[in-house]
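Understanding the architecture of this molecule
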Amino acid sequence: MATRDRPSSPAPRPGVALPRSAPACDAERRACLLRLGAWSAWAALAGCGGGGSNNPAAPPTPAAPAPESSPALRQVLVADGWAAAWSLAFLPDGRMLVTEKPGRLRVVTPQGQVSAPLDGVPAVRFEGQGGLLDVALDPAFATNRLVYLSYAEPDSADPSLSGTALARAELDLARARLVDMEVIFRMSPKVAGSAHFGGRLALPGDGTIFLTLGDRMQAGDGPQRLDTHLGKVVRVGTDGRIPADNPFVGQPAARAEFWSLGHRNVQGAAWDAERGVLWTCEHGPQGGDELNLTRAGGNHGWPLRSYGCAYGEPVGSACAIGGGGMCGRGRTDGCTC
């Protein structure tokens with residue numbers, strides 16, 4: 001498998017996170033091949049060299065597996081007329097909670113009946129990409145009725161400033177409202193601007209919750225710094241406390257809630273229960289969107305490195321910011337993982 005040379009890492013600066021060590025690239029490739037399954041692994045390995053009819057040691061070519069039949073898909077309109085619907089979460093009875101960025105949370109039935117906005121939703125700053133964002137149910141929702149909301153929260157002293165916040169509340173469907181609302185995380189610092197709030201939630205089911213935080217399109221190296229929430233993924237307890245096994249716990253210069261850093265604007269996140277890992281999807285600069293395996297303590301490079309190009313530059317490998325990404329855990333060794 002070919003790799004390409006990349007420029008060396010920028011010299012570290014005070015307050016900037018340093019790359020961390022990681023397993024060898026070949027070990028990660030083998031793990032990835034195993035995950036792809038026997039057929040795709042064989043095909044990838046066969047492409048690494050050798051093989052052919054004049055090679056007596058080559059194994060017989062296996063028959064291609066029969067393609068699985070795809071289920072028939074059809075598009076069904078359930079409900080329309082939304083004002084910037086952003087996220088949804090399915091309730092146990094098949095209904096959905098749906099957020100609208102202006103600050104409304106509604107219940108939608110499978111038949112398409114849309115409720116009036118629920119009461120008790122926190123105040124949001126609805127501007128640009130900001131507003132009411134994600135909604136997620138607690139893994140024990142059937143017994144505790146807890147839901148989580150991420151949103152752009154205006155600063156109490158200066159409404160021109162805002163930051164991503166995370167709140168939890170009990171869902172009282174009988175009274176069509178949220179009760180006992182509690183903010184369990186606030187982004188710091190709050191800044192001016194209306195973009196890159198992140199805001200996606202993922203719950204592993206172990207009493208913790210992940211929240212993605214964008215760089216808010218602020219100039220500088222905020223996503224690399226350990227004293228600001230800009231451009232991070234954070235992990236807190238569902239009660240707001242800091243898990244003792246977070247990767248930056250005990251580091252005086254870092255915030256203990258950090259899970260990973262070097263992000264631009266992660267707005268997709270999912271917990272892979274089978275493998276016990278977090279996957280995230282990130283809006284990069286032009287040509288640089290990313291799907292990442294987001295490990296504890298990982299540095300994803302932004303804004304020092306990206307496979308994308310600065311706006312205004314022609315898209316292509318030659319203009320990749322800093323020569324490419326940091327490959328998950330801060331490596332700049334040319335690994336194509």
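Below is a short write-up of the structure. (Residues numbered from 1 in each chain as written. Predicted model: local features only at pLDDT ≥ 70, side-chain atom pairs only at ≥ 80, totals over all residues. Heavy atoms only, no water.)

Side note on the sheet that holds strand β7 (residues 177-186)
Read from one edge of the open sheet, four strands run β4-β5-β6-β7, paired in antiparallel fashion. For this open sheet the edge positions go to β4 (132-137) and β7, each flanked by a neighbour on one side alone. Averaged over neighbouring strand pairs, the angle between their axes works out to 25° when direction is ignored. Bridge count for β4 against strand β5 (residues 146-154) is four bridges, and the pairing is antiparallel. (Pairing = 2+ DSSP bridges. Helix = DSSP H or I, 4+ residues; strand = E, 2+ residues; numbered from the N terminus. Axes fitted to C-alpha atoms, helices over the stretch in contact; angles between N-to-C directions.)

Concerning the sheet that holds strand β1 (residues 85-90)
Here we have three strands laid out as an open sheet, ordered β1-β2-β3, and antiparallel in their pairing. Two strands close off the open sheet at either side, each with one partner strand: β1 and β3 (104-108). Averaged over all pairs of adjacent strands, the angle between strand axes in this sheet comes to 25°, irrespective of strand direction. Sheet topology places β1 next to strand β2 (residues 96-100); five bridges connect them, and they run antiparallel. Residue pairing across strands places Ala85 opposite Glu100, the latter belonging to β2.

A look at unusual backbone geometry
Here the bond from Ser188 into Pro189 is cis, since omega is 5°, no more than 30 degrees from zero. Checked against the element boundaries, Pro189 lands in the loop between β7 and β8 (201-202). In the segment running from Trp302 into Pro303, the intervening peptide bond is cis, with an omega of 5°. For Pro303, the location among the structural elements is in the segment after β14 (290-293).

A look at the packing of aromatic side chains
Throughout the structure, instances matching the rule amount to three aromatic pairs. On the basis of an interplanar angle of 20° and a centroid distance of 5.8 Å, the ring pair of Phe210 and Trp271 is categorised as stacked. Of the two residues, Phe210 is situated in strand β9 (residues 208-213) and Trp271 in strand β12 (residues 266-272); the sequence distance between them amounts to 61 residues. Owing to a relative accessible area of 28%, Trp271 belongs among the partly exposed residues under this scheme. Measuring from ring centre to ring centre gives 6.1 Å for Phe248 and Phe258, while their planes differ by 85°; the resulting arrangement is edge-to-face. Here Phe248 is found in the loop between β10 (232-237) and β11 (258-261), whereas its partner Phe258 is found in strand β11, with 10 residues between them in sequence. Pair check on accessibility: Phe248 and Phe258 agree, each one buried. Grouped by ring-pair contacts, the aromatic residues Phe210, Trp259 and Trp271 constitute a single cluster. (Phe/Tyr/Trp six-rings, centres within 6.5 Å; stacked < 30°, edge-to-face > 60°. Buried < 20%, exposed > 50% of the residue type's maximum accessible area, 1.4 Å probe, protein only.)

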